[in-house]
Amino acid sequence: MEKIDIKSMTLPELQADFAARGYEKFRAKQIYQWLHVKNVNSFNEMTNISANLKQELSNIFYITSLNIVKRLVSKLDNTVKYLYELPDGSHVESVLMQYKHGNSVCISTQVGCKMGCSFCASTIAGFVRNLTPSEILEQVYAAGRDSGERVSNVVLMGIGEPLDNYDNVLRFLRLLSDEQGFCLSLRHVSLSTCGIVDKIYDLAEKKLQLTLSISLHAPNDEIRSKTMPVNRRWNIDELLDACRYYEQKTGRRISFEYALIAGVNDSLKDAQELAGRLKGTLCHVNLIPVNAVAETSYRASNRQKVFAFQKYLNDHGITATVRRTLGADINAACGQLRREELQQEK
Ligand code: SAH
C-alpha cells in the first residue's frame, strides 16, 4: 500500500481520516501541531504519542522532508541559499533573506518550468514535475529550522510557475496560513506569476490577502512575446484586464516585476510606453537589473539606465523602486544553483 503524505493534509482531513481508523478524537490535532507548529520531521520526535501508535502511523503515512545538499551563505549580506534533493532525486532551491523587519524565504513550486522565458535559468532544462503541497511547505519549515528563527515572509518566486501548479499551491497557502498550524498571515506572502490569465481570474475569486506579483518585463507585445512565450497565449491587454479584475475583487495593489535587459526593454521610450499602459492601475513597479545567466546573451542595464527608467515612471505617476540585490556572490537568482547541479551530473 502506498503511504499517505500526512504533511499535505488539512486538519479536517486528518480528523476525518483518524476518526475512520478509530483513533482518539484529540490525536489528529496533536499530530497536526507537531507537524505544523513544532515542525518536527519524524513520528519519533512526537513525545506524547505511544510507541505503538508511532509505529502504526509510520506504516500508513510518510512525513515529507528535504535533504540539504548545498547551503551557501553570502559573505555580503548573510543571505542563505539552499539546494535541496527530493526523494526522487530531483533538486529545488530556496533562498533565505534576512531583513531588519524579519526573515523572508523565496521558495520553489515546481521542479523546472514549462514557461520558457528566455532570460530565466529555471526553464532551460524544461519541466520535470509539480511539487506537492508538503514539498512547498517544507521549504519554509526547513529554513526556519536551519536558521533557528521564524520565517515571517514567504515569496513564491523560486523555480517554477505557481499558477501552473494551482491546486497544490492553493493547498500550500491554506496550510501555511491555518490558525491551528503555522499561522502565517497571507498578507506576508507574495505570489509571482508570468501571467497565466485564467488562473488569475480563479485566484481573484478566492479573495486571498496575498500580494500578486506579475512578471511583466516588457512594455508591449512585440518585446514580451519574444522574451516570454506565455504572452503568445495571453497578451498584455488580456493580462492587465485580469489584473484590474483581481484588484477589484481583492482590493490589493498589484506588483509588477520588470527585469531591465540592456538594449531589449530599457529605453526611455519603453518607460513611456509602460507608464501609459499602467496608468490608472493600483500598482507598484519593481525594477530589477536582469541577472546574467550563462546560457543567455542578456546583460543587465547599467545604473544610469535603471535610474532614468525609474525616474520616468515616478515622474509619471507610477510608483517604481529598484530591487536591492542580495546574495550576489552565491548565485542567489532562481534556478542557477539547480542548473549547476544538473550540469555536474551530466
Ligand atoms: N514563474 C513565476 C515565478 C518564478 S520567477 C514568474 O514568472 O513570475 C521569479 C521572478 O524572477 C520572475 O519575475 C522572473 O521573471 C524573474 N527572473 C527570472 N530570471 C531572471 C533573471 N535572469 N534576472 C532577473 N529576474 C529574473
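Residues numbered from 1 in each chain as written. Predicted model: local features only at pLDDT ≥ 70, side-chain atom pairs only at ≥ 80, totals over all residues. Heavy atoms only, no water.

**Description of the environment of Lys 3**
Here is step 1: One can find Lys 3 in the segment before strand 1 (4-5).
Here is step 2: For the pair Lys 3 and Gln 310, spaced 307 residues apart in sequence, the C-alpha separation works out to 52 Å.
Here is step 3: Not counting residues up to four positions away in its chain, the partners in contact with Lys 3 are Ser 58, Asn 59, Ile 60, Phe 61 and Tyr 62.
Here is step 4: Among the polar contacts made by the side chain of Lys 3, one reaches the main-chain carbonyl oxygen of Ser 58 at a distance of 2.8 Å. (Helix = DSSP H or I, 4+ residues; strand = E, 2+ residues; numbered from the N terminus. Contact = heavy atoms within 4.5 Å. Polar contact = N/O pair within 3.5 Å; in protein donor to acceptor, adjacent residues only side chain to side chain.)

**As for the pattern of salt bridges**
Here is step 1: Here the structure, examined in full by the defined rule, presents 17 salt bridges.
Here is step 2: Glu 205 is the partner of Lys 249 in a salt bridge, and the nearest nitrogen-oxygen pair spans 3.7 Å. Here Glu 205 lies in helix 6 (residues 197-206) and Lys 249 lies in helix 9 (residues 236-250), a separation of 44 residues in the sequence.
Here is step 3: Where Arg 277 meets Asp 237, a salt bridge forms, and the shortest distance between an N and an O atom there is 3.1 Å. Placement of the pair is Arg 277 in helix 10 (residues 268-278) and Asp 237 in helix 9, with a sequence separation of 40 residues.
Here is step 4: Accessibility expressed as a relative area gives 45% for Asp 237, which makes it partly exposed.
Here is step 5: Each member of the salt-bridge network shares a partner with another, and the members are Lys 7, Glu 138 and Arg 145. (Salt bridge = Lys/Arg side-chain N within 4 Å of Asp/Glu carboxyl O. Buried < 20%, exposed > 50% of the residue type's maximum accessible area, 1.4 Å probe, protein only.)

**Describing the packing of aromatic side chains**
Pairs of aromatic rings are described using the distance from one ring centre to the other and the angle between the two planes.
Here is step 1: All told, the structure shown has six aromatic pairs when counted by the stated rule.
Here is step 2: A centroid spacing of 5.7 Å and a plane angle of 10 degrees characterise the contact between Tyr 82 and Tyr 84, whose relative ring orientation is stacked.
Here is step 3: Judged by relative accessible area, Tyr 82 falls into the buried class, the value being 0%.
Here is step 4: Judged by centre distance (5.0 Å) and plane angle (35 degrees), the ring pair of Tyr 258 and Phe 309 falls under tilted. Of this pair, Tyr 258 sits in strand 12 (residues 254-260) while Phe 309 sits in helix 11 (residues 303-315), placing them 51 residues apart in sequence. (Phe/Tyr/Trp six-rings, centres within 6.5 Å; stacked < 30°, edge-to-face > 60°.)

**Considerations on the nonpolar core**
Here is step 1: One finds Val 140, Val 154, Phe 172 and Phe 256 to be the most contacted residues of the largest nonpolar core, which totals 98 residues.
Here is step 2: Looking at this core, the element that brings in the most residues is helix 5 (residues 166-177), giving seven residues.
Here is step 3: Residues from two domains meet in this core; each of domain 1 (4-62) and domain 2 (113-130 + 153-336) gives at least three.
Here is step 4: Apart from residues lying up to four places away in sequence, Phe 172 is in contact with Ile 107, Pro 133, Ile 136, Leu 137, Val 140, Val 154 and Leu 156. (Core = buried A, V, L, I, M, F, W, Y, C linked by side-chain atoms within 4.5 Å. Domains from an automatic or database assignment.)

**Observations concerning the domain arrangement of the protein**
Here is step 1: According to the domain assignment, the protein consists of domain 1 (4-62) and domain 2 (113-130 + 153-336).
Here is step 2: Distance between the C-alpha centres of domain 1 and domain 2: 38 Å.
Here is step 3: Each partner contributes to the interface: domain 1 provides 12 residues, whereas domain 2 provides seven residues.
Here is step 4: Of the roughly 800 Å² buried where domain 1 meets domain 2, counting both sides, 48% is carbon and sulfur surface.
Here is step 5: Ranking the residues of domain 1 by area buried against domain 2 places Thr 10, Tyr 32 and His 36 at the top, with a combined share of 46%.
Here is step 6: Where domain 1 touches domain 2, the interface holds one salt bridge.
Here is step 7: Remark: the boundary between domain 1 and domain 2 carries six residue pairs in polar contact (both at pLDDT 80 or more).
Here is step 8: Of all the secondary-structure elements, those providing two or more residues to the side of domain 1 that touches domain 2 are helix 1 (11-21) and helix 2 (27-36). (Buried area = accessible area lost by both parts, 1.4 Å probe.)

**Concerning the environment of Ala 300**
Here is step 1: Tracing the sequence through the fold places Ala 300 in the loop between strand 13 (283-289) and helix 11.
Here is step 2: Overall, Ala 300 belongs to the partly exposed group, its relative accessible area being 35%.
Here is step 3: On a C-alpha basis, the gap between Ala 300 and Ile 288 in space is 8.7 Å, while along the polypeptide they are 12 residues apart.
Here is step 4: Setting aside residues up to four positions removed in sequence, Ala 300 forms contacts with Leu 260, Ala 262, Pro 289 and Val 290.

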